[in-house]
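Chains, contacts and geometry: an overview
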Amino acid sequence: MNQYMHLFQGTAFSSKSPKEIQILKDYLFCINTDGMIEKIIAPEDADYQPLLDTYQGTNNFHQLAEGQYFLPGFVDLHVHAPQWAQSGTALDIPLYDWLNTYTFPLESKFSDLDFAKKVYDDVVSTLLANGTTTALYFATVHKEASLLLAEICATKGQRGLVGKVVMDDPEQNPENYRDADTPTALADTEEFIIAVQELAKSTKQGVYPVVTPRFIPSCTDEGLQGLGALAAKYDTYVQSHCSESDWAHGYVQDRYNKNDAFALHDFGLLRDKSVMAHSNFLDDQDVDLFAQTGTAIAHCPISNAYFANSVIPVAHFQSKGVEIGLGSDISGGFSPSLFDNIRQAVMSSRMLEDGVNPSLSAQDRGVPGSRITIHEAFYLATAGGGESLSLPIGRIQENYVWDVQIIDTKCPSAKLPIFNDNEDLDDVFQKMMYLVRPENIREVWVQGDKVHSR
Ligand code: GUN
Ligand code: FE
């Protein structure tokens, strides 16, 4: 009887710190029946050869081929699952108009469970095929369809954190797309939490309910207060949009004479398990409040280029102790790939640092110290996401789960430009970050089980 459920052999990349990666060249990764990385063994370790001899030739042994590498599975901290149906379209108007013209009409269709199933099956499979092993989802206001999304994550093996969206203000939301009233919104949320916590018991990887006020403009004070109480009662995750655009930020200022962060905090919605999307307009007091409460940020760089009227200062917020991960924000962001968002995070940060307005002099254009490296953006998509959710995910490290993507740099339809068999491994890493396409993602594993292969 072999001791481990799986033994993998190959080279892995994982973040050592927000700035630095660690390269584990030709290591052994020992995965136990719970899908956890129980032991990582270096080639020079005395146990290495005996273990190899025991496992080689068995079904439990997996050796990477030449040109293949392990990366941690990605953690997408902000996805609107229903909006997958309009991804790549509807990006021509500002946030407020976009919501009313395209997004609320689309989301209202998820009262139809057949339609919901089609879209949700596809978005979960697509994210897995893009290397996303954990996703923090907004569903819609519909309790049944939201539960269906959690069930689909459970079945396909993705670690889904799912929110039934609350939009309980009759003044602010369309008549055909909102909660019936505030008591119904809260009752539906509570039933949803209980149902997902029950569903989680039958999964290996876990699925989680998330308290989800869409954003302050869509909710009443009573609704927000009630949601804060439910999050505390059931100790759940919380997600919302925070200080995203000029319009959203200004709306909250007009209503409460404070910024989103303090308003959300007043309603009990900033907790260690809170993840706030965007958060571009946080001032230093808001950032300190995030750090004190353990609230994390889902940075959505592609979406921000369209809707935010701003670039988030990642490096500054991190320096104040706030945890940040990456979000695709489908469909405000058009791409289901966190590789694409890693790339945009780096490019946006450089535009913030260097400035883009040629009518200003070079020294007046940008914000010094803003740029982040590709290694830092990789941290955001992996370990930063894991830290944001306080789960042992996003790193290839002992006592973390085996959530990985196997990247094939020699895949014939998307070969990476590596011409030297002894190419420096940090260069290989950078090429993967910039050039990997879904074709290169050979296999995806969640909690020790294979959930995608091509
Ligand atoms: N603010 C409120 N709802 C949304 C949404 O669906 N997407 C984005 N990007 N911002 C929002
Ligand atoms: Fe969003």
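Per an unreviewed UniProt entry, the protein goes by Guanine deaminase and derives from Paenibacillus antarcticus. The Function (unreviewed entry) field of the UniProt record for the protein holds the comment "Catalyzes the hydrolytic deamination of guanine, producing xanthine and ammonia." Among the UniProt annotations of the protein, the heading Pathway (unreviewed entry) holds the following wording: "Purine metabolism; guanine degradation; xanthine from guanine: step 1/1."

Summing up its helical and strand segments, the protein has 16 helices and 17 strands in all. Taken against the 2.2 N^0.38 rule, which gives 22 Å for 454 residues, the C-alpha radius of gyration of the protein at 22 Å falls within 12% of a compact globule. Considering only C-alpha atoms, the protein reaches an extent of 70 × 60 × 40 Å along its principal axes. Within the protein, contacts between residues separated by at least 24 positions form 73% of all contacts whose residues are at least 6 apart in sequence.

Side chains of nonpolar character tend, in soluble globular proteins, to be buried together. By size, the foremost hydrophobic cluster in this structure holds 135 residues, and its most contacted members are Ala81, Tyr137, Leu149, Val162, Ile342 and Ala381. Two domains each put at least three residues into this core: domain 1 (6-72 + 396-453) and domain 2 (74-389).

Now for the packing of helix α3 (residues 113-129) against helix α4 (residues 143-156). Contact geometry for α3 and α4: axes closest at 9 Å, N-to-C directions at 35 degrees. The way α3 lies across α4 gives a crossing that is right-handed. Where α3 approaches α4, its residues Leu113, Ala116, Lys117, Tyr120, Asp121, Val124, Ser125 and Leu128 are matched on the opposing element by Glu144, Ala145, Leu148, Leu149, Ile152, Cys153 and Lys156.

Domain boundaries assigned for the protein yield domain 1 (6-72 + 396-453) and domain 2 (74-389). Summarising the inter-unit geometry, the C-alpha centres of domain 1 and domain 2 are found 30 Å apart. Counting residues at the interface gives 21 residues for domain 1 and 24 residues for domain 2. Listing elements by their share of the side of domain 1 that touches domain 2, those giving two or more residues are α16 (425-435), β16 (441-446) and β17 (449-453). Across the side of domain 1 that touches domain 2, the residue classes break down as 11 nonpolar, 6 polar and 4 charged.

Attention now moves to the environment of Arg454. Following the sequence through the fold, Arg454 ends up in the segment after β17. In sequence terms Arg454 and Phe8 are 446 residues apart; their C-alpha atoms lie 18 Å from each other.

Each regular strand displays side chains that alternate between the two surfaces of the sheet. Burial analysis of strand β11 (residues 237-242) places 6 of its 6 residues in the buried class, which makes it a mostly covered element. What you see with β11 is no split at all: Tyr237, Gln239 and His241 on one side and Val238, Ser240 and Cys242 on the other are buried throughout. Of the pairings in the sheet, the one linking strand β10 (residues 208-213) to β11 comprises 2 bridges and is parallel in character. When the sheet's bridge partners are listed, Val210 is paired in β11 with Tyr237.

Attention shifts here to the UniProt feature "domain: Amidohydrolase-related" (unreviewed entry) in the protein. Within the UniProt annotation, "domain: Amidohydrolase-related" (unreviewed entry) is assigned to residues 71-450. Segment residues 71-450 splits into 44% helix and 16% strand. End C-alpha atoms: 14 Å apart.

Buried within helix α7 (residues 246-256) we find Ala248, His249 and Val252. Viewed along the axis of α7, the buried residues span an arc of 100 degrees, placing them on a single side of the element. Exposed residues pointing more than 90 degrees away from the buried face of α7 are listed as Gly250 and Asp254. Looking one or two residues beyond α7, the residue adopting positive phi is Asn257, at roughly 55 degrees.

Take the site of ligand 1 next. The environment of ligand 1 is formed by His80, Leu95, Leu99, Thr103, Arg214, Phe215, His241, Glu244, Ser303, Phe307, Asp329 and Gly332. For the shell around ligand 1, the elements supplying multiple residues, two or more each, are α2 (95-108) and α10 (301-307). Residues that form the shell around ligand 1 fall into these classes: 4 nonpolar, 5 polar and 3 charged.

Time to look at the pairing of β16. In this structure, strand β15 (residues 404-408) lies alongside β16, joined through 4 bridges in antiparallel fashion. Opposite Val404, over in β16, you have Trp445 as the bridge partner. Strand direction decides the pairing type here: β16 and β17, joined by 4 bridges, are antiparallel. When the bridges of β17 are listed, Trp445 appears paired with Lys450. What sits between the antiparallel neighbours β16 and β17 is a turn of 2 residues, in which Gln447 has the positive phi angle 50 degrees.

Basis of the calculations
- Residues numbered from 1 in each chain as written.
- Chains lettered and ligands numbered in written order.
- Predicted model: local features only at pLDDT ≥ 70, side-chain atom pairs only at ≥ 80, totals over all residues.
- UniProt positions renumbered as here; feature names shortened; annotations may be inferred.
- Helix = DSSP H or I, 4+ residues; strand = E, 2+ residues; numbered from the N terminus.
- Rg over C-alpha atoms; globule rule 2.2 N^0.38 Å.
- Contact = placed C-beta atoms within 7 Å.
- Core = buried A, V, L, I, M, F, W, Y, C linked by C-beta atoms within 7 Å.
- Buried ≥ 20, exposed ≤ 12 C-beta atoms within 10 Å, placed from the backbone.
- Domains from an automatic or database assignment.
- Axes fitted to C-alpha atoms, helices over the stretch in contact; angles between N-to-C directions.
- Left-handed = near helix turned anticlockwise from the far one by under 90°.
- Nonpolar A, V, L, I, M, F, W, Y, C, P; charged D, E, K, R; others polar.
- Pairing = 2+ DSSP bridges.
- Arc of directions from axis to C-beta.
- Near = placed C-beta within 6 Å.

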